[in-house]
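Overview (structure and organization)
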Amino acid sequence: MMVCEYKPGLEGIPAAQSGISYVDGQKGLLEYRGIRIEELAEKSTFLETAYLLIWGELPTVEELAAFEDEILHHRRIKYRIRDMMKSFPESGHPMDALQASAAALGLFYARRDLDNPVYIRDAVVRLLATIPTMVAAFQLMRKGNDPVRPNDDLDYAANFLYMLHEKEPDPLAARIFDVCLILHAEHTMNASTFSARVTASTLTDPYAVVASAVGTLGGPLHGGANEEVIFMLEEIGSVENVRPYLEDCLQRKAKIMGFGHRVYKVKDPRATILQNLAEKLFAKFGHDKYYDIAIEMERVVEEKLGQKGIYPNVDFYSGLVYRKLGIPTDLFTPIFAIARVAGWLAHWKEQLEENRIFRPTQVYNGRHGIAYTPIDQR
Ligand SMILES: CC(=O)SCCNC(=O)CCNC(=O)[C@H](O)C(C)(C)COP(=O)(O)OP(=O)(O)OC[C@H]1O[C@@H](n2cnc3c(N)ncnc32)[C@H](O)[C@@H]1OP(=O)(O)O
Ligand SMILES: O=C([O-])CC(=O)C(=O)O
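Residues numbered from 1 in each chain as written. Chains lettered and ligands numbered in written order. Predicted model: local features only at pLDDT ≥ 70, side-chain atom pairs only at ≥ 80, totals over all residues. Heavy atoms only, no water.

Going by the annotation in an unreviewed UniProt entry, the name recorded for the protein chain is Citrate synthase, with Chlorogloeopsis fritschii PCC 6912 given as the source organism. Its UniProt record gives the protein chain a comment under Pathway (unreviewed entry), which states: "Carbohydrate metabolism; tricarboxylic acid cycle; isocitrate from oxaloacetate: step 1/2." For the record of the protein chain, the UniProt heading Sequence similarities (unreviewed entry) holds the text "Belongs to the citrate synthase family." (UniProt positions renumbered as here; feature names shortened; annotations may be inferred.)

Put into structure tokens, the structure is as follows:
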């Protein structure tokens, strides 16, 4: 067996062969199935992009209509899932509620028929359709309200905002939210996708795959950074405080949330698009003073850490967009998950097509040959 050098965090180690997405971290380039993210953000919709990621090609008019229709008809959640969510503590984090609810779907669809394309399609449709409903339902129920039923007249993104705010969204807000979903849908072998693929490789069900990925996404070094960014902007509070705040972080060797990336050594192309989306929202709905703080942060971080390749990542500007859409801070990461379900499912499907269980090795650095000490002698 070939022995490889141990790399903390598996840096630079390929974990799969994949044709789903591609990142050039030096050029700041991201493609889904070969199509540039900028082009998808301008021309596609989230469901069309999800189709592209999962089935490998852009859908025809008929294929897209059929896919959208299937999703529309599977948006409602079972009353038993809703009742289970109602019993969750309202102080609990919505990512934990989502992880538990996604896993609970597996209780209803326990049969695993992984060689059957109908089973795969049903699972894809069910997960894409119900995850947004679950996120919105928990949000309303933790406030003591009943969840809002999906609105069949609204598309995927608009319906989510409708279920969250109990009113139809402004069309610009809905389109911008849809673009956010496109931007977050997939990103090569990131931590949660790796987690999804490891879980998939055991041939378990897709609900367990998504639940394990949701758990991984929630951490502050990964998708959870989007809410940490807002806490940080609130703590900084003013443009004048940016420099002393960052100097203090650097002195303490503390990570600056929303900056840095294992692959990108330039500004994340999604951060550039999200920044433009934020500006569009500010032009229509009013400015956000935290944006001025964010701009100053980007300037000072580049001055201090640019030579190390530390630039804004996808999590830096997304929260400013979501705030303007009236979304509470602790829903930012669940919204990331709504989008990333598309990527996780694409990787689940790809993993099954050429599966081998993930079972890496380790470098043992513990002891050998130690005698057992009876408890009364310890
Ligand atoms: C959707 C996403 O997951 S995007 C990422 C979201 N996460 C964040 O925004 C959290 C802040 N960023 C980070 O913690 C990291 O940049 C990560 C987790 C994204 C990438 O981590 P790694 O690739 O392991 O980089 P690592 O932590 O080894 O950093 C390399 C060097 O850059 C520095 N660095 C990296 N990110 C930052 C940051 N955000 N602030 C300050 N310094 C940083 C490190 O201190 C380290 O410096 P050193 O070589 O002098 O010790
Ligand atoms: O690729 C990564 O490591 C993290 C990231 O940007 C993502 O998952 O979108």
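1. Section: the nonpolar core
Grouped burial of nonpolar side chains is what soluble globular proteins tend to show. F46, L128, F160, F177, M297, I327 and W348 are the most contacted members of the largest nonpolar core, which has 123 residues in total. Considering every element that reaches this core, the biggest residue donor is helix 6 (residues 117–142), with 16 residues. Viewed by domain, this core spans two of them, domain 1 (18–221 + 342–353) and domain 2 (224–325), each represented by three or more residues. Beyond its immediate stretch of four places on either side in the chain, M297 contacts M232, L233, I236, V242, L246, I256, F259 and F316. (Core = buried A, V, L, I, M, F, W, Y, C linked by side-chain atoms within 4.5 Å. Buried < 20%, exposed > 50% of the residue type's maximum accessible area, 1.4 Å probe, protein only. Helix = DSSP H or I, 4+ residues; strand = E, 2+ residues; numbered from the N terminus. Domains from an automatic or database assignment. Contact = heavy atoms within 4.5 Å.)

2. Some details on the site of ligand 1
Near ligand 1 you find 19 residues, and of these H222, K255, I256, R262 and K308 are the closest. The contact in question runs from an oxygen atom of ligand 1 to an N or O atom on the side chain of H222, over 2.7 Å. At 2.8 Å, a backbone N or O of F259 approaches a nitrogen atom of ligand 1. A total of 920 Å² of accessible area belongs to ligand 1 in isolation, and the protein chains cover 68% of it. For the shell around ligand 1, a count of residues per class yields ten nonpolar, five polar and four charged. (Near = heavy atom within 4 Å. Polar contact = N/O pair within 3.5 Å; in protein donor to acceptor, adjacent residues only side chain to side chain. Areas by Shrake-Rupley, 256 points an atom, 1.4 Å probe, with all protein chains shown as cover. Nonpolar A, V, L, I, M, F, W, Y, C, P; charged D, E, K, R; others polar.)

3. Topic: the pairing of strand 2 (residues 29–32)
Relative to strand 2, strand 1 (residues 21–24) runs antiparallel, the two being bridged by four bridges. Considered in strand 2, the bridge of S21 is made with Y32. As consecutive antiparallel partners, strand 1 and strand 2 are separated by four residues, and within that stretch G28 has a phi angle of approximately 70°, a positive value. Examined bridge by bridge, strand 2 and strand 3 (residues 35–36) share two bridges and lie antiparallel to one another. (Pairing = 2+ DSSP bridges.)

4. Observations concerning the sheet that holds strand 1
The strand order 1-2-3 describes an open sheet built from three strands, whose pairing is antiparallel. Both outer strands of the open sheet, strand 1 and strand 3, are each paired with one neighbouring strand and no more.

5. A word on the site of ligand 2
If you check the shell around ligand 2, you find H187, N190, H222, H261, R270, F336 and R340 and nothing else. At a separation of 2.8 Å, an oxygen atom of ligand 2 approaches a polar side-chain atom of H261. In the complex, the protein chains occlude 84% of the 270 Å² of accessible area that ligand 2 would expose alone. A breakdown of the residues in the shell around ligand 2 according to their chemical character gives one nonpolar, four polar and two charged.

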